[in-house]
2 protein chains.
Amino acid sequence: MAQIYDKVALIGLGLIASSMFWAIKRGGLAGEVVGTSRSAETRAAAQEVGLCDRIYDNVADTVEGADLVVLCVPVGVMGAVAAELAPYLKAGATVTDVGSVKADVIAQVAPHLPDNVHFVPAHPLAGTEHSGPTSGFAELFDSRWCLIVPAEGSDPEAVGKLRSFWEGLGSFVEEMDAEHHDLVLAVTSHAPHLIAYTMVGVADDLRRVTDTEVIKYSAAGFRDFTRIAASDPTMWRDVFLSNKDATLEILGRFTEELFALQRAIRQGDGEHLHAYFTRTRAIRRSIIEAGQDTDAPNFGRQAGKQP
Amino acid sequence: MAQIYDKVALIGLGLIASSMFWAIKRGGLAGEVVGTSRSAETRAAAQEVGLCDRIYDNVADTVEGADLVVLCVPVGVMGAVAAELAPYLKAGATVTDVGSVKADVIAQVAPHLPDNVHFVPAHPLAGTEHSGPTSGFAELFDSRWCLIVPAEGSDPEAVGKLRSFWEGLGSFVEEMDAEHHDLVLAVTSHAPHLIAYTMVGVADDLRRVTDTEVIKYSAAGFRDFTRIAASDPTMWRDVFLSNKDATLEILGRFTEELFALQRAIRQGDGEHLHAYFTRTRAIRRSIIEAGQDTDAPNFGRQAGKQP
């Protein structure tokens, strides 16, 4: 894999940034990779695992001379971080981000960037329930999608380089406009996360069933919800607040469908339920065929140790 | 592992029964294991993979002389199957089941059984999204819980033998009364399944987002819902209809909580969301500590093949 950028600057050092670092090194995609984090604790943890060629305690030094600056901070602070680093950007540099919401991030970031840099928003659809600088690994983006959302009149060459960069990180790349991206993600990610958080909260609130019981017997389905609901709280708070309309629209449809199924249960309408469940089963098959999951039973989980 | 029963009869040959057969053989828990299925197709598929020492096309021959008869059929037909095989049960035999609902199964089955057999309902909390006679494997029950729900005045010796049998299959065993079992399962399994089915259905209905997009980008959270929603439609239809009250109670609480979170999003109440997500994250940790899941990122999934 050929080098694509001379110097890449990672702003924020969480799961995505740390995985990008290891994948950049694996692919030899950049001459130098530097990074920064607001938190001294995070910077220290990153140093310890050998993250980045250099780590700075300020954005000015981090972005100086960088050809690619990647905003890897929670969606809620993208605007503030962009404002802070804008004055130090190299002319002709490309600024991108990895936020899970695009319209809001573009609205936050674009106004702060000088005319002599290229802003090319992106969103890698990859993650785990772990967070922080020590949670990254080079394979995170392999065979996962990265959606590039070029703003109005983005420079085709800058977009093309970023596409090659993400392909070098292991991803399949597609372009999409911001509004459509936010709706697709509301369906495939944002609404499912809120629903998982909710179900886990319900289980925790229930007084007649102890937490111990919920936890011991979670293998029966609840377990998969808890994995989703274990993701970073700050990241997700920001996602819901910044993709408010699409998320609320999907949740509205979800509630409608749920009420219909509840009514079918109450009325003992087995045909309705069976038909519904048969249809959803087919979707699962398509996802496995699309290569976005394994069909090993329980994702090939190993049985747990004795509680 | 010592032999516990001379002859075990499996009624129904799906995921649970086929896994029980392989685990019985692994543990040497029975002298002979026979089975039957109403469907000739299922019996043929079972024969092909070497399932059971003998497979019969009728329940009379299957249960004849059996010390343990295991009802592995959908919850909705437990009563009918019990009525059919009752006349052929050996005196002193133990009849058990693997149904996901207990109060309703007991009400269906108990009236048909003669006084000279022991009825000891049970429920192994294990499964995958696959079904049928070829989907079983010996490790399915390893380190998973099996809940035994002894009816009023069950014979302690019969209960003790069934407990040893399930421990021999690899499970941890606990006793619980039927009503409590049904509530615990409504929380840990039944409600989560209905919610997953619903979200997958919503995604499928949505016109402005294509199925292809939903499937391609499912890695972002939706994927885990589809796994749950891929389970056997007949089994689940019966579960919801036979555990109606507990399921509807939990879904009611779920809807309340979901509305509260939707309101927080609409009102931009980030503190409420962050506090909620932080609490749910802790529950996930407890489940990993309880040994009921792995904390390998993405359950240690391998990246998929190129779509």
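In the nomenclature of an unreviewed UniProt entry, chain A is known as prephenate dehydrogenase of Sulfitobacter noctilucicola. Annotation of chain A in UniProt includes, under Pathway (unreviewed entry), the sentence "Amino-acid biosynthesis; L-tyrosine biosynthesis; (4-hydroxyphenyl)pyruvate from prephenate (NAD(+) route): step 1/1."

1. Focus on the packing of aromatic side chains
Within this structure, the stated rule accounts for 21 aromatic pairs over all chains. Ring centres of F277(A) and Y197(B) lie 3.9 Å apart, and the angle between their planes is 20°; on these two criteria the pair is classed as stacked. Taken together, the residues F277(A) in helix α12 (residues 270-289) and Y197(B) in helix α7 (residues 178-205) connect one chain to another. By the burial criterion, F277(A) is buried, and Y197(B) matches it. Taken together, a centroid distance of 5.1 Å and an interplanar angle of 85° make the contact between F141(B) and W166(B) edge-to-face. Separated by 25 residues along the polypeptide, F141(B) in the loop between β7 (122-124) and β8 (145-148) and W166(B) in helix α6 (residues 156-168) bring together distant segments of the chain. Taking relative accessible area as the criterion, F141(B) reaches 0% and is therefore assigned buried. Taken together, Y5(A), F141(A), F165(A) and W166(A) form an aromatic cluster joined through their ring pairs.

2. Observations concerning the interface of chain A and chain B
Each partner contributes to the interface: chain A provides 118 residues, whereas chain B provides 118 residues. Summed over both sides, the interface of chain A with chain B buries roughly 11200 Å², with 66% coming from carbon and sulfur. One can count four salt bridges joining chain A with chain B. For D232(A), the salt bridge goes to R281(B), with nearest N and O atoms at 4.0 Å. Where chain A touches chain B, the interface holds 19 residue pairs in polar contact (both at pLDDT 80 or more). Sorting the residues of the side of chain A that touches chain B by element identifies β8 (145-148), β9 (172-175), α7 (178-205), α8 (211-216), α9 (222-228), α10 (233-242), α11 (244-267) and α12 of chain A as the ones contributing at least two each. Ranked by the residues each element gives to the side of chain A that touches chain B, the list is headed by α7(A), at 22 residues.

3. Focus on the packing of α7(A) against helix α11 (residues 244-267) of chain B
Running from N to C, α7(A) and α11(B) cross one another at 125°; their axes reach a closest spacing of 9 Å. The orientation of α7(A) with respect to α11(B), classified from their angle, is oblique. As α7(A) packs across α11(B), the resulting crossing turns out to be right-handed. On the side of α7(A), the interface is formed by L194(A), I195(A), T198(A), M199(A), G201(A), V202(A) and D205(A), while α11(B) contributes I250(B), R253(B), F254(B), E257(B), L258(B), L261(B) and I265(B).

Conventions adopted
Residues numbered from 1 in each chain as written. Chains lettered and ligands numbered in written order. Predicted model: local features only at pLDDT ≥ 70, side-chain atom pairs only at ≥ 80, totals over all residues. Heavy atoms only, no water. UniProt positions renumbered as here; feature names shortened; annotations may be inferred. Phe/Tyr/Trp six-rings, centres within 6.5 Å; stacked < 30°, edge-to-face > 60°. Helix = DSSP H or I, 4+ residues; strand = E, 2+ residues; numbered from the N terminus. Buried < 20%, exposed > 50% of the residue type's maximum accessible area, 1.4 Å probe, protein only. Contact = heavy atoms within 4.5 Å. Buried area = accessible area lost by both parts, 1.4 Å probe. Salt bridge = Lys/Arg side-chain N within 4 Å of Asp/Glu carboxyl O. Polar contact = N/O pair within 3.5 Å; in protein donor to acceptor, adjacent residues only side chain to side chain. Axes fitted to C-alpha atoms, helices over the stretch in contact; angles between N-to-C directions. Parallel < 35°, antiparallel > 145°, perpendicular 65-115°, else oblique. Left-handed = near helix turned anticlockwise from the far one by under 90°.

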